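Inside the fold
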Amino acid sequence: MNIGYACLVVGVQNTDMKSCTLKNASDERLLELIGHNLESLENIVGYNIKNNISLFRISSDLIPFGSSPVNRLSWDEIFADRFRCIGQKIKDSGMRVSMHPGQYTVLNSPYTLIVEKAIDDLNYHNRVLKALETGPEHKIILHIGGMYGDKCEALKRFALNFNNLDQGVRDRLVVENDHKAFNINDVLEIGTNLDIPVVFDNLHNEVNPYPGDRSEKYWIDQCRETWKSKDGNQKIHYSQQDPAKRPGSHSSTISVGRFMEFCSSLEGLDIDLMLEVKDKNISAIKCINAVAADKNIKYLEFEWSRYKYSVLENSPAIYLEIRKLLNNKQDYPVMPFYNLIEEAMKTGKTKGNSVNAMQHVWGYFKNTASDTEKKRFLKMLEGFEKDQIASASVKSYLWRLAVKYDEKYLLDSYYFIL
DNA sequence: TGACGTCAAGATCCG
DNA sequence: CGGATCTTGACGTCA
């Protein structure tokens, strides 16, 4: 089972994707951006390897305007070596990557122009995966598109346009159920007809179900039939509903309890699981640790080093409780560990607890920081205590100090992002 | 015509 | 000036 996350990494330096507006998209600017983004991608791949994350969706923003006529660059040739080098790392580590054009790539549109743009976009995604020299098990996931008042015709148009795609794209293409138009039964029908794999998305299925009371496991089993050996392991998308937002909105983090319930419902199926969640890599590591075969407390200790100041600013009581929990080095209390962290994150921060955490973090710079830095920190702290400035301002100053003094322990901490 | 979703660029405001 | 915060951009469909 591979577990991964989509597109971007939170809280890790030099992993951002840069872009520009259409009017600024000169060759020079685009070259600069692509170079930067490839460097970020390489760092992301390195981060994934270091953290045992073996599934990753590459951002469509890797090449700005990758499928637009404004980008006439032969970027796959210009950066061929960089692509090959990154691809080699992917291959060597056994990582599986994918790409996922967004909701605006509509292959089944009745408008020729839109279809042409969709084809260009699919070709672009394939061009990236080809430049990385990845095989056809590194997929491009696509939604079916719009309904236009006639589902049957819309499905027919999808099939027609699919059959006119380049072989390279067809070899990688996977279809997914969406939250509005095409439910999992529709997508299975078309996937079966076109002989391409189907990704089951649990939250889309919750919001836009096929009528009846089929279980998730039933649909996952059905989808499994569409995955052939050339396609690699079956893959699904997994996310949880954000209780505060509209149906279909992804939660900020994955609740480990519900995740494990879902895993046990799979009854041991070996499946690749792409998480769609706001905290991205953070939830990926959580879920990987939750199902780890190699139950070594060192993984939890490493996690604790990243979470501890966030927990401290929310709940000193839980902070102490987790420390106690990790005392027995023979144990692997992964569920209580993450449950306590999730509970702490839901606790409202009091000013006193925030200040306490700020002072703990400041402790790393106490002896190295200059007098002006010390003065500035103390002034900010005072400002925060008097409600004059936000805690985020103090934290972002502490982050700048962490970067300046290269405090490795803090640079890995979730304190600055959660 | 605006909402939808997502991210970062770009603009503006503030001390 | 740097940093925080708001608005725009890019995409197509649908009400």
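On a predicted model such as this, the values are computed, not experimentally measured, just so you know. (Residues numbered from 1 in each chain as written. Chains lettered and ligands numbered in written order. Predicted model: local features only at pLDDT ≥ 70, side-chain atom pairs only at ≥ 80, totals over all residues. Heavy atoms only, no water.)

**Remarks on helix H1 (residues 27-50)**
Between the first and last C-alpha of H1 there are 34 Å, a value that for 24 residues agrees with the 34 Å anticipated at 1.5 Å per step. Looking only at H1, the buried set comprises Leu 30, Leu 33, Ile 34, Gly 35, Asn 37, Leu 38, Ser 40, Leu 41, Ile 44, Val 45, Tyr 47 and Asn 48. In this structure, the buried side of H1 is in contact with strand E1 (3-6), strand E2 (55-57), helix H2 (75-78), helix H3 (80-93) and helix H11 (280-291). Two residues or fewer past H1, Asn 52 is found with a positive phi of approximately 60°. (Helix = DSSP H or I, 4+ residues; strand = E, 2+ residues; numbered from the N terminus. Expected span 1.5 Å × (residues − 1). Buried < 20%, exposed > 50% of the residue type's maximum accessible area, 1.4 Å probe, protein only. Contact = heavy atoms within 4.5 Å.)

**Digging into the protein's contact with DNA strand C**
Near DNA strand C lie 14 residues; those nearest to it are Leu 22, Tyr 104, Met 147, Tyr 148 and Ser 396. In this structure, Lys 117 approaches DNA strand C through a side-chain N or O atom, which is 3.4 Å from a phosphate oxygen. Contact distances for DNA strand C include 2.7 Å between a phosphate oxygen and a backbone N or O atom of Met 147. Among the elements of the structure, helix H4 (112-131) and helix H17 (391-404) are those that each provide at least two residues to the surface near DNA strand C. For the surface near DNA strand C, the leading source of residues is H17, giving 3 residues. Of the residues belonging to the surface near DNA strand C, the class tally is 7 nonpolar, 5 polar and 2 charged. (Near = heavy atom within 4 Å. Polar contact = N/O pair within 3.5 Å; in protein donor to acceptor, adjacent residues only side chain to side chain. Nonpolar A, V, L, I, M, F, W, Y, C, P; charged D, E, K, R; others polar.)

**Some words on the domain arrangement of chain A**
Entries for chain A in the domain assignment read domain 1 (2-291) and domain 2 (297-411). Of note, the centres of domain 1 and domain 2, computed from C-alpha atoms alone, are 34 Å apart. Both faces combined, the contact of domain 1 with domain 2 buries some 1,100 Å², and carbon together with sulfur accounts for 55% of it. Considering only the side of domain 1, the residues that lose the most area to domain 2 are Gln 13, Lys 286 and Asn 289, jointly responsible for 45% of the buried surface there. At the junction of domain 1 with domain 2, the criterion picks out 1 salt bridge. Across the salt bridge formed by Glu 342 and Lys 286, the nearest N and O atoms sit 2.7 Å from each other. Along the contact surface separating domain 1 from domain 2 lie 5 residue pairs in polar contact (both at pLDDT 80 or more). Counting residues per element, the ones that place at least two in the side of domain 1 that touches domain 2 are helix H10 (256-265) and H11. (Domains from an automatic or database assignment. Buried area = accessible area lost by both parts, 1.4 Å probe. Salt bridge = Lys/Arg side-chain N within 4 Å of Asp/Glu carboxyl O.)

**A short note on the packing of aromatic side chains**
In total, this model carries 20 aromatic pairs according to the counting rule given. On the numbers, 6.1 Å between centres and 90° between planes, the contact of Tyr 309 with Tyr 364 is edge-to-face. Within this pair, whereas Tyr 309 is found in helix H12 (residues 297-314), its partner Tyr 364 is found in the loop between helix H15 (351-362) and helix H16 (371-385), the two being separated by 55 residues in sequence. A residue is classified by how much of its surface remains accessible, and Tyr 309, at 6% relative accessible area, is buried. Each residue in the set Trp 304, Tyr 307, Tyr 319, Phe 337, Tyr 338 and Tyr 414 is aromatic and connected to the rest through ring pairs, giving one cluster. Above the face of the Phe 302 ring, Arg 306 is positioned so that its terminal group lies 4.1 Å from the ring centre. (Phe/Tyr/Trp six-rings, centres within 6.5 Å; stacked < 30°, edge-to-face > 60°. Lys NZ or Arg CZ within 6 Å of the ring centre and 35° of its normal.)

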